[in-house]
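Descriptive structure summary
The lines below spell out each chain.
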Amino acid sequence: MAHRDSKFEFDRRGVLFVLSSPSGAGKSTIARKLLEVEPGMGVSVSATTRPMREGEQDGREYHFVSTEEFKARAANHEFLEWAHVFNYRYGTPRAPVKKMLAEGQDVLFDVDWQGAQQLFQLEGGDVVRVFIVPPSLTELEKRLRDRNTDSEEVIQYRMKRAERELSHWDGYDYVVVNDDLNACFEKVHTILQAEREKRSRKPGLIGFIRERQEEAVAMGLTTR
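Each chain has its residues counted from 1, following the order in which its sequence is written. Local features in this predicted model are restricted to residues whose pLDDT is 70 or higher, and side-chain atom pairs enter the listing and the counts only when it is 80 or higher, whereas totals over whole chains, interfaces and linings include all residues. Values reported for side chains reflect all heavy atoms of the structure, with hydrogen atoms and water molecules removed beforehand.

1. Details of unusual backbone geometry
The condition that has to hold: Between buried and exposed lies partly exposed: a residue is buried under 20% and exposed over 50% of the maximum accessible area for its type, with that area taken using a 1.4 Å probe on protein chains only. Each helix corresponds to a stretch of at least 4 residues labelled H or I by DSSP, and each strand to a stretch of at least 2 residues labelled E; elements are numbered beginning at the N terminus.
Of note in the backbone geometry, H77 takes a positive phi value of approximately 60 degrees without being a glycine. Its relative accessible area of 60% is what places H77 among the exposed residues. In this structure, N148 is a non-glycine residue whose phi angle is positive, near 55 degrees. When you line up the elements, N148 lands in the loop between helix 5 (137-147) and helix 6 (152-166).

2. Considering the sheet that holds strand 10 (residues 127-133)
Heads up, the rule is: Any two strands with at least two DSSP bridges between them are considered paired. Note on contacts: a residue pair is in contact if any heavy atoms of the two residues lie within 4.5 Å. Fitted lines through C-alpha atoms serve as axes, helices being fitted only where they are in contact, and the angles separating the N-to-C directions of these axes extend from 0 to 180 degrees.
Spatially, 4-9-3-10-11 is the arrangement adopted by the five strands of the open sheet, whose pairing is parallel. Strands at the two margins of the open sheet, each flanked by one partner only, are strand 4 (42-43) and strand 11 (174-177). Here five bridges tie strand 3 (residues 16-20) to strand 10, and the two strands are oriented parallel to one another. Bridge pairing links S20 to F131 in strand 10. With respect to the sheet, helix 3 (residues 94-102) is in contact with strand 3, strand 4 and strand 9 (107-110), its orientation differing from that of strand 9 by roughly 150 degrees. Each of strand 3, strand 9 and strand 10 touches helix 4 (residues 113-123); the most contacted strand, strand 10, lies at about 165 degrees to it.

What follows is the structure in structure tokens.
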């Protein structure tokens, strides 16, 4: 079932809304804020082999699985996309995403550039890719250190990976600089709202326009 516009009852396909960023650039915070203002939006909860962190809950932030289970599920094609990130595996379970799409929901993805590319290859025009970047690498390093959750080795690894991730900026539909969290969030939310209104996402709009054309004929506004 396609999503319907609440006022005009247009059928609309859901948006697969992808957020990516280097670690520490604000992707997770913006995703959380987006879900707060869009309670009807579905969210893709990734599976991962990394250990659970303090405060996390299985099935909320991630589905935490063993490496053996992850490999078995990947071999069984149960992921829409998956990748190695920081020596761990992350993947998007296929079944729940397909279910949400069948119900006409927009779906939020928190994935890296590899996942964004794989999703685009599979789902094409329904995928909207947004890349969030820090104002500078100096600021990014400061944010990583201020979190006080990583060792020096991990921070340096994340910084090197950030440089590689930035090189893939042109694989995204939108690039937003996070120099101010609230301003960045407003831009991301505006992108989502605009993408929902695209003509190509509204097959139900055809019937509405035809009705208006018939109305014009009845009013004598056209000779057709």
